[in-house]
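# Tertiary structure, described
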Amino acid sequence: MITRNGVLSLLAVVSAAISAAPAHAAPDMQALAEKSGCFSCHAMHSKIVGPAFADVAAKYKGDAEAPAKLAQKVREGGKGAWGRIPMPPHPNLKEDEAKALVAWVLSTGS
Ligand code: HEC
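This structure is a prediction, so every number in the text was calculated from the model and none was measured.

Every protein donor of the iron atom of the ligand is accounted for by His-42 (NE2) and Met-87 (SD), and the metal-donor separations fall at 1.9 to 2.1 Å. If you look at the iron atom of the ligand, its six donor atoms make angles of 86 to 180° with each other, and the shape they trace is octahedral. Of this pair, His-42 sits in the loop between α2 (29-35) and α3 (53-59) while Met-87 sits in the loop between α4 (66-76) and α5 (95-107), and the two are 45 residues apart along the sequence. A relative accessible area of 10% places His-42 in the buried class. For Met-87, a relative accessible area of 22% translates into the label partly exposed.

Here it is as structure tokens:
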């Protein structure tokens, strides 16, 4: 179960990211994902090098530990969850950015 506090802190991270964007822009995690190079290996609905983000969302649906675990994996890299190809680390991504991106990825399945 996702705790109420967990949800609130995720919302805080996401809304902080949103409020940093220009006022007219939608909550544009997609732009941050683009800027961070995520789409060289991921797409929303099809597997490229890495799994489709919609598949990631489906896999971790209801997993309260997924946001923190996946944000760490995006920053530090890792392998073994989807196959033999590893995801390289993204050390330039701030922790808040990685968390907001992962929250967005996980929200794409709902
Ligand atoms: C060079 C290719 C590459 C790039 C760039 C990349 N990924 Fe990945 N990603 C992968 C691969 C490959 C996997 C599967 C790893 C595995 O099997 O554990 C993966 C897995 C993931 C997962 C699921 C991890 C798990 O343990 O289930 C998430 C979430 C994710 N990527 C998010 C991102 C985000 C956000 C970015 C941009 C900051 C990004 N990825 C950039 C290749 C990439």
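Here is a general trend for soluble globular proteins: nonpolar side chains tend to be buried in one another's company. Judged by nonpolar contacts, the single largest core of 20 residues is most densely connected at Leu-70, Leu-101, Trp-104 and Leu-106. Of all the secondary structure elements, the ones that give two or more residues to this core are α2, α3, α4 and α5. The element best represented in this core is α5, accounting for seven residues. When neighbours within four sequence positions are excluded, Trp-104 is seen to be in contact with Met-29, Gln-30, Ala-33, Phe-39, Met-44 and Phe-53.

Inspection of the region around the ligand gives 26 residues, with Cys-38, Cys-41, His-42, Tyr-60 and Met-87 positioned closest. Separating an oxygen atom of the ligand from a side-chain N or O atom of Tyr-60 is a distance of 2.4 Å. At a threshold of 2 Å from the grid points, most atoms of the ligand map onto the largest pocket. Mapped by element, the contributors of at least two residues to the shell around the ligand are α3 and α4. Broken down by element, the shell around the ligand gets its largest block of residues, three residues, from α4. Looking at the shell around the ligand residue by residue, the class counts come to 16 nonpolar, eight polar and two charged.

In total, this model carries two salt bridges according to the counting rule given. Between Lys-94 and Glu-97 there is a salt bridge whose closest N-O contact spans 4.0 Å. Owing to a relative accessible area of 54%, Lys-94 belongs among the exposed residues under this scheme. Here Glu-95 makes a salt bridge to Lys-99, at a shortest N to O gap of 3.3 Å.

Quick look at the side chain of Ser-36 now. Mapped onto the fold, Ser-36 is located in the loop between α2 and α3. What makes Ser-36 buried here is its relative accessible area of 19%. Only 2.6 Å separates the side chain of Ser-36 from the backbone oxygen of Leu-32, close enough to count as a polar contact. Apart from the residues within four sequence positions on either side, Ser-36 is in contact with His-90, Leu-93 and Leu-101.

Reading the values: rules and limits
- Residues numbered from 1 in each chain as written.
- Predicted model: local features only at pLDDT ≥ 70, side-chain atom pairs only at ≥ 80, totals over all residues.
- Heavy atoms only, no water.
- Donors = N, O, S within 2.8 Å, 3.2 Å for Na, K, Ca; no water.
- Tetrahedral: all angles 85-135°; square planar, octahedral: opposite > 155°, others 65-115°.
- Helix = DSSP H or I, 4+ residues; strand = E, 2+ residues; numbered from the N terminus.
- Buried < 20%, exposed > 50% of the residue type's maximum accessible area, 1.4 Å probe, protein only.
- Core = buried A, V, L, I, M, F, W, Y, C linked by side-chain atoms within 4.5 Å.
- Contact = heavy atoms within 4.5 Å.
- Near = heavy atom within 4 Å.
- Polar contact = N/O pair within 3.5 Å; in protein donor to acceptor, adjacent residues only side chain to side chain.
- 1 Å grid on protein atoms, 1.4 Å probe; cavity = no way out; pocket = protein on both sides within 12 Å on 5 of 7 lines; lining within 4 Å.
- Sits in = over half its atoms within 2 Å of the grid points.
- Nonpolar A, V, L, I, M, F, W, Y, C, P; charged D, E, K, R; others polar.
- Salt bridge = Lys/Arg side-chain N within 4 Å of Asp/Glu carboxyl O.

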